[in-house]
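Architecture and fold: a report
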Amino acid sequence: MHLDLVVLPDLVVWPVRTGRRRLSFQTLPAESTFHPATLPSRRPLLRRYATPYRLYGAAMELTDVLRRRRMYRSFTDEAVDDHVLDSILRSAVRAPSAGFTQGVDLLVLTTPEARARFWSLASEESWRAGEHAPGLLAAPVVVVPIADPDAYAARYGEPDKAGSGLAGRSPDKWPVPYWTVDASFVVMQLLLAVTDGALGALFFRLHGDSGALLEGLGAPRHRSVVGAVAIGHPACGGPGASAATRPRRPVAEVVHREHW
Ligand SMILES: Cc1cc2nc3c(=O)[nH]c(=O)nc-3n(C[C@H](O)[C@H](O)[C@H](O)COP(=O)(O)O)c2cc1C
């Protein structure tokens, strides 16, 4: 049996039999959990072959997303579709968070003015004048994850977290800074969603004073920034920087089973 798939934004797409006029589709919010088996089709074969596809990229297997993810350091100036960006951001905010504090905000910069302000605060002039800068500066989206250590301190002062031993500790005394862990999870989820959306991204560290950066971007000065993510359409593929010169460690070397 031959099936065509029709792709529409924010629609889960039903298979259509070639040669027939009938088309069925159903709108679902982007964050819906969807499985073909839930299709209310009376035809088991249609249920079996139906796959949810979204505009700008066929749904990829998670394993493919994990394997395809790479850091890209050069982008075209083609804009990222708003719909795709929204979907990526919705995925990112579903990252786990300690105590479900959800203490990480995302500052999303898309206008040339906002991005120029960001780069002037987060990078050095000598780098901006260098040969590698234009490719990265072209990225049409920059996302800055901004974590709030005080939100974690407050959350772990609540009664249900009394057993954590973290109540009353100032953020600099935490054995593991959960806000950094959570911001890292958000970044990872963002990178995977970018890959799934057939775009490229680079996570990079920021140069300069983070307080000045936050203030310059209108964010509270005392918050914590782990880095930023540039997103766009990759101008060139393949591994860059360190990944081009260092081999990936073999799984057998990295994984220690039962004891070291
Ligand atoms: C904490 C962290 C900081 C990074 N900072 C930079 C950076 O400042 N500039 C850069 O080009 N890449 C940066 N990277 C990307 C790494 O170089 C890259 O992830 C690594 O070489 C592996 O390549 P891959 O991600 O393409 O597999 C950073 C990655 C991490 C996790």
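The structure presented is a predicted model; accordingly, all values stated were derived computationally and were not measured.

1. A look at the overall build of the protein chain
In terms of helices and strands, the protein chain carries 11 helices and nine strands. For the protein chain, the proportion of its 260 residues judged to be buried stands at 27%. Of the contacts made within the protein chain by residues no fewer than 6 positions apart, 73% connect residues no fewer than 24 positions apart.

2. Some words on the site of the ligand
In the vicinity of the ligand there are 12 residues, among which R70, M71, F204, S242 and A243 approach most closely. Mapped onto the shell around the ligand, the elements with two or more residues apiece are β7 (200–204) and α10 (241–245).

3. Some remarks on unusual backbone geometry
If you check the backbone angles, F100 has positive phi at about 50 degrees while not being a glycine. Here F100 is to be found in the loop between α3 (82–92) and β5 (104–109). Looking at F100, the number of C-beta atoms within 10 Å reads 8, which means it is exposed.

4. Some thoughts on helix α8 (residues 178–196)
Residues lying three or four places apart along an α-helix face the same way, a consequence of the helix completing one turn every 3.6 residues. The terminal C-alpha atoms of α8 lie 27 Å apart, and with 19 residues this matches the ideal 27 Å at 1.5 Å per residue to within 8%. Directly beyond the C-terminal end of α8, a positive phi value near 60 degrees is found at A198.

5. What about the environment of L107?
Structurally, L107 is set in strand β5. On the basis of neighbour count, L107 is assigned to the partly exposed category, with 18 C-beta atoms found within 10 Å.

6. Re the environment of P171
When you line up the elements, P171 lands in the loop between α7 (149–155) and α8. C-beta crowding within 10 Å serves as the criterion here: with 17 such atoms nearby, P171 is assigned to the partly exposed category. Expressed as a C-alpha distance, the spacing of P171 and D148, which sit 23 residues apart in the sequence, is 9.9 Å. Setting aside residues no more than four positions away along its own chain, P171 makes contact with P149, A153 and P177.

7. Considering the nonpolar core
The tendency in soluble globular proteins is for nonpolar side chains to be buried side by side. Within the largest apolar cluster, 46 residues are counted, with the highest numbers of intra-cluster contacts made by V142, L190, A201, V229, A230 and I231. Per-element accounting of this core gives the leading share, 10 residues, to α8. Discounting chain neighbours no more than four positions away, the residues touching V229 are V143, V187, L190, L191, A201, L202 and F203.

8. A closer look at the pairing of strand β9 (residues 228–232)
Counting buried positions along β9 yields five of five residues, so the element is predominantly enclosed. Going residue by residue along β9, you find A228, A230 and G232 tucked away on one face and V229 and I231 tucked away on the opposite face as well. Looking at chain direction, strand β6 (residues 141–147) and β9 are connected through three bridges and run antiparallel. Paired with V143 across the strands is V229, a residue of β9. Pairing of β7 with β9, which is carried by five bridges, proceeds in the antiparallel orientation. Note on β9: the bridge partner recorded for F204 is A228.

9. Details of the environment of M71
Its place among the elements puts M71 in the loop between α2 (62–68) and α3. Along the chain, M71 and A241 lie 170 residues apart, while their C-alpha atoms are 9.2 Å from each other. Once residues lying within four places of it in the same chain are set aside, the contact partners of M71 are L202, F203 and G240.

10. Things to note about the packing of α3 against α8
Close contact between α3 and α8 brings their axes to 8 Å; oriented N to C, the two are set at 145 degrees. In the crossing of α3 with α8, the sense of the turn from one axis to the other is right-handed. Counting all contacts with α3, which are made through I88, S91 and A92, the residues of α8 involved are V186, Q189, L190, A193 and V194. Looking at the contact of α3 with α8 residue by residue, the classes come out as six nonpolar, two polar and no charged.

11. Here's the deal with the confidence of the model for the protein chain
Residue-level pLDDT values for the protein chain average 83, and 76% of them are 70 or greater. Throughout residues 1–57 the model reports pLDDT below 50, and contacts reaching past four residues in sequence, or to other chains, amount to 68 contacts.

Calculation rules
Residues numbered from 1 in each chain as written. Predicted model: local features only at pLDDT ≥ 70, side-chain atom pairs only at ≥ 80, totals over all residues. Helix = DSSP H or I, 4+ residues; strand = E, 2+ residues; numbered from the N terminus. Buried ≥ 20, exposed ≤ 12 C-beta atoms within 10 Å, placed from the backbone. Contact = placed C-beta atoms within 7 Å. Near = placed C-beta within 6 Å. Expected span 1.5 Å × (residues − 1). Core = buried A, V, L, I, M, F, W, Y, C linked by C-beta atoms within 7 Å. Pairing = 2+ DSSP bridges. Axes fitted to C-alpha atoms, helices over the stretch in contact; angles between N-to-C directions. Left-handed = near helix turned anticlockwise from the far one by under 90°. Nonpolar A, V, L, I, M, F, W, Y, C, P; charged D, E, K, R; others polar. pLDDT = per-residue confidence, 0-100.

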